[in-house]
Each structure stands twice: as C-alpha cells, then as structure tokens.
Amino acid sequence: MLTHYGWSDALQHDFAPYAARGLAPARVTAQHRGLWRLMGEAGEMEGRLSGRFVHQAFEGGYPVTGDWVAVEPHGEGATIAAVLPRASAFTRQAAGTGQAAQVVAANVDVALLTASLNGDLNARRLERYLATAYASGAEPVILLTKADLCPDPAPLVAEVEAIACGVPVLAVSAANGEGLAALAGWLKPGRTAVLLGSSGVGKSTLVNALSGEARMATAAIREADAHGRHTTTHRELIALPSGALILDTPGMRELGLWQAEAGVEAVFADATAEVERLAEACRFRDCAHGREPGCAVQAALADGTLDAARWRSFQKLRKELAHAVRQEDPLARAAERKRWAAVHKAGRARTRAKREMDD
Ligand code: GDP
Ligand code: ZN
C-alpha cells in the first residue's frame, strides 16, 4: 500500500530509528482542523498529534499534506509521534507581518507550473513560479495549457523555453489529449506532483483528464468522524491510475494565487543560467563565488562581463529563497543544500548539452 503513496527504500532506511521505537510509517493525505487523514500499510486511518508532539513545540511545525509521519496505531486511529525529514516543502511567507512562513505541503517531487496558451502567458509570473518550485526542492516542469486553442504553440513554447533556462516546457491540452503522453514521463509511480498556476488556466480539468474516473471515486468520501457524525472528507493526495500522486490542497491553491499577484523583479531564471555558465570555469567545482581563488564569476564581475546589478539581484532572490526554506522549516535544510547542488549540476549539464548542439 505505502509504495503506491511514494514509500521508498531510502525512506525505509531513514525510518529505522522510529521502527525501533515500535512506530509505523504513514503518509498524510489530508489535514482538517486537528485531524490528519493518513495512509498506512493497512489502509486509511485518522491521526491526532500525541500530547508530547504538541507540547514540544516541534520546530518544523505540524504535519501537512504530503508529510511522512511516524505513528502509533491504535484501533481505528493513530497517534502521530513525529514528522519525518522533508525531501521538499512549499512554504508561504506571510507578507509584511514578520511572522514565520507556513509550510503548505511537503514531499512534492514535481511542480507543474501552468500557464494558458490562450492569453495567460506572463514571463514574470512564470519566473516567480519557478522560484517557488526551486525554493521547495521540487523539480519544475512548465505546462502550457489549452494547446487546442492555439493554432501554432511552437513559437510560444520557444519563448518560454528561453526564460526557463533548461526547465522542460510542454504544450498540453486536456481537451484533445495533446502532450499528455509526454507529461506521463514526469508522473511515474510513487511520484508526487502539484499544479501551480492562476485560476482558469485549466488545472482542475487537467487533473480530471489525468485521473479519469478515479478522482470521482476518491476525491470525496463520506465517513463518520470521532463523534459518529457523517462528514464529507476531501482527500488532498490523489492517486492517479499511472501510479503517481497529485497533491491538491486549499493551501497550495492559495499559494498559486498569492504567487500570481506577488509580481517579481527578479530575472532569476536568466541569471541562474548565466552564473552557471560562468561557474563552469571556476577552479573549484563547489565554488561559492565569494573569495575562492580562480573564481570565474568574480572575474566576470571585475571585467564587467557579468552585470553587477544582475548578480546582486540573483544573490538576493537566492538568499530569500534559501532563507524562507531554512528558517521556517529546519527539516528542509538538508533538502535545500541538495537542491542547490542539483540546480548547479543541471545547469552545467545544460550548458554542456547546448555547447555540443552549437558545435
Ligand atoms: P483551474 O481554475 O486552473 O482549475 O481551471 P479549470 O480546469 O477550471 O478550467 C478553466 C476553464 O478552461 C474551463 O472552462 C475549462 O473547460 C477550460 N479548459 C480547461 N482545459 C482546457 C483545454 O485543454 N482546452 C480548452 N479549450 N479549454 C480548457
Ligand atoms: Zn566561482
């Protein structure tokens, strides 16, 4: 059961200390006012936080949809004793309040960033979504939706590819199925995906197209709550027939809206590509482009090849992103380090591929 929800050998390995305490693994499929819907080895159950968990003021916050937790099962339900380290986390920064950002969803592998080919294409907005995806640790893929309404998507795809610096860009249509086969490559069994994008771009329609009848059957299930009342529980982690999972929570929807409104000055995607290209020539593979000897980025800044303002804005946004993840979710620290390693590695690979194409 758990493998369908993304359980892996690596997680099994990390779980050993919890298993030694007699705890069992489960994944959060929905959260609802002090109750967590969990998928465990034996099926679904309802979880509550252990008193100890609540009183220890756990610094990563309460479990969110997508989290793996260690539980003590009992009868019908389970007591949540711990949240496992997150491989990725989407956070929402409360704007201007100085409050800690909130973790909105965890352990998302693929962020599907959507924009409509029918008029919604906005480079800034896409950059912001890209930044959000990178900050979370999820792998971004750009989906240009409603391809059936666009007589010739190719030039628009190329335009977006140019700002996306190596992130895959797919034109898809829920109406005629175009691009869905290509998308399936990112929706492998056990992988968790989210759709980000403004209202009306076709996210729900796409989920329906991907899940067919499955969503109808599983999205809303009637069940008895602790007091025996029947309630409709919305499941937020939807298993697709392909074996992949779609995470769809109100928090992520709000995040999409918020991102769309935020506006962005950052030329983040572009700058990343440029820095990565330069970094190829740094003496040290893991150069931080500070005071390392033989740093090609510092050299480019010195001779003006790299625009100083651009470098500053890149650093600023990068710091913002790192800060958001690090400060608000200590569990994501390791993931954040890994993410940057991966971003740089991918950048190097892209640059190499590009050179080979140019030659
Ligand atoms: P969401 O707000 O992002 O979830 O968008 P919806 O899935 O609700 O779609 C918004 C509107 O776009 C609806 O009227 C859909 O029927 C329409 N739509 C969604 N996908 C497609 C598509 O691939 N082609 C066309 N022509 N229309 C679509
Ligand atoms: Zn360097």
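Before any of the text, the structure's been laid out above.
Definitions and cut-offs
- Residues numbered from 1 in each chain as written.
- Chains lettered and ligands numbered in written order.
- Predicted model: local features only at pLDDT ≥ 70, side-chain atom pairs only at ≥ 80, totals over all residues.
- Heavy atoms only, no water.
- Donors = N, O, S within 2.8 Å, 3.2 Å for Na, K, Ca; no water.
- Tetrahedral: all angles 85-135°; square planar, octahedral: opposite > 155°, others 65-115°.
- Near = heavy atom within 4 Å.
- Polar contact = N/O pair within 3.5 Å; in protein donor to acceptor, adjacent residues only side chain to side chain.
- Areas by Shrake-Rupley, 256 points an atom, 1.4 Å probe, with all protein chains shown as cover.
- Nonpolar A, V, L, I, M, F, W, Y, C, P; charged D, E, K, R; others polar.
- Helix = DSSP H or I, 4+ residues; strand = E, 2+ residues; numbered from the N terminus.
- Buried < 20%, exposed > 50% of the residue type's maximum accessible area, 1.4 Å probe, protein only.
- Expected span 1.5 Å × (residues − 1).
- Arc of directions from axis to C-beta.
- Contact = heavy atoms within 4.5 Å.
- Pairing = 2+ DSSP bridges.
- Axes fitted to C-alpha atoms, helices over the stretch in contact; angles between N-to-C directions.

Enquirer: Could you clarify how one ought to interpret the coordination of the zinc ion (ligand 2) in this entry?
Expert: The textbook angles at a metal center are 109.5 degrees for a tetrahedron of four donors and 90 or 180 degrees for an octahedron of six. Those donors, Cys282 (SG), Cys287 (SG), His289 (ND1) and Cys295 (SG), are the protein atoms that reach the zinc ion (ligand 2), and they lie 2.2 to 2.4 Å from it. Here the zinc ion (ligand 2) is ringed by four donor atoms whose angles at the metal span 102 to 117°, and the overall shape comes out tetrahedral.

Enquirer: What exactly am I supposed to notice about the site of ligand 1 here?
Expert: Close to ligand 1 lie 14 residues, the nearest being Asp148, Gly200, Lys203, Ser204 and Thr205. Backbone polar atom of Lys203 to an oxygen atom of ligand 1: 2.8 Å apart, as the coordinates give it. Between ligand 1 and the protein, one listed contact pairs an oxygen atom with a side-chain N or O atom of Ser204 at 2.5 Å. Taken by itself ligand 1 offers 580 Å² of open surface, and the protein chains cover 66% of this. Residues that form the shell around ligand 1 fall into these classes: four nonpolar, seven polar and three charged.

Enquirer: Sorry, what's going on with unusual backbone geometry here?
Expert: Excluding glycine, a negative phi dihedral is what most residues carry, and trans is how most peptide bonds are arranged. One non-glycine residue, Asn107, adopts positive backbone phi at about 60°. Along the chain, Asn107 turns up in the loop between β7 (102–106) and β8 (110–116). By relative accessible area, Asn107 is classed as buried at 8%. Unusually for a residue other than glycine, His289 sits at a positive phi of about 60°. Position of His289 among the secondary structure elements: in the loop between α9 (268–279) and α10 (296–302).

Enquirer: Any chance you could explain helix α1 (residues 9–20) here in plain terms?
Expert: Because each turn of an α-helix spans 3.6 residues, side chains separated by three or four positions in sequence point in the same direction. In a regular helix each residue adds 1.5 Å, so twelve residues correspond to 16 Å; α1 covers 16 Å between its end C-alpha atoms and thus fits that length. Those residues of α1 that fall on the buried side of the exposure criterion are Leu11, Phe15 and Tyr18. Summarising the axial view, the buried residues of α1 lie within an arc of 30°, below the 170-degree limit, and thus occupy one face. Along α1, the residues that are exposed and aim more than 90 degrees away from the buried face are Asp9, Ala10, His13 and Ala20. On the buried face of α1, the contacting elements are β1 (24–32), β4 (68–74) and β5 (77–83). At the exit of α1 stands Gly22, carrying a positive phi of roughly 80°.

Enquirer: I would appreciate a short explanation of the sheet that holds β5 in the present structure.
Expert: The strands making up a sheet are joined through hydrogen bonds of the backbone, oriented either antiparallel or parallel. Taken in spatial order, the five strands line up as β1-β2-β3-β5-β4 and close into a barrel, and their pairing is mixed. Shown here is a sheet whose adjacent strand axes are inclined to one another by a mean of 50°, direction ignored. Summarising the sheet, strand β3 (residues 43–49) and β5 pair through four bridges and their orientation is parallel. The residue bridging Leu49 from the neighbouring strand is Ile80, located in β5. This element, α1, spans β1, β4 and β5 of the sheet and lies at about 50° to β4.

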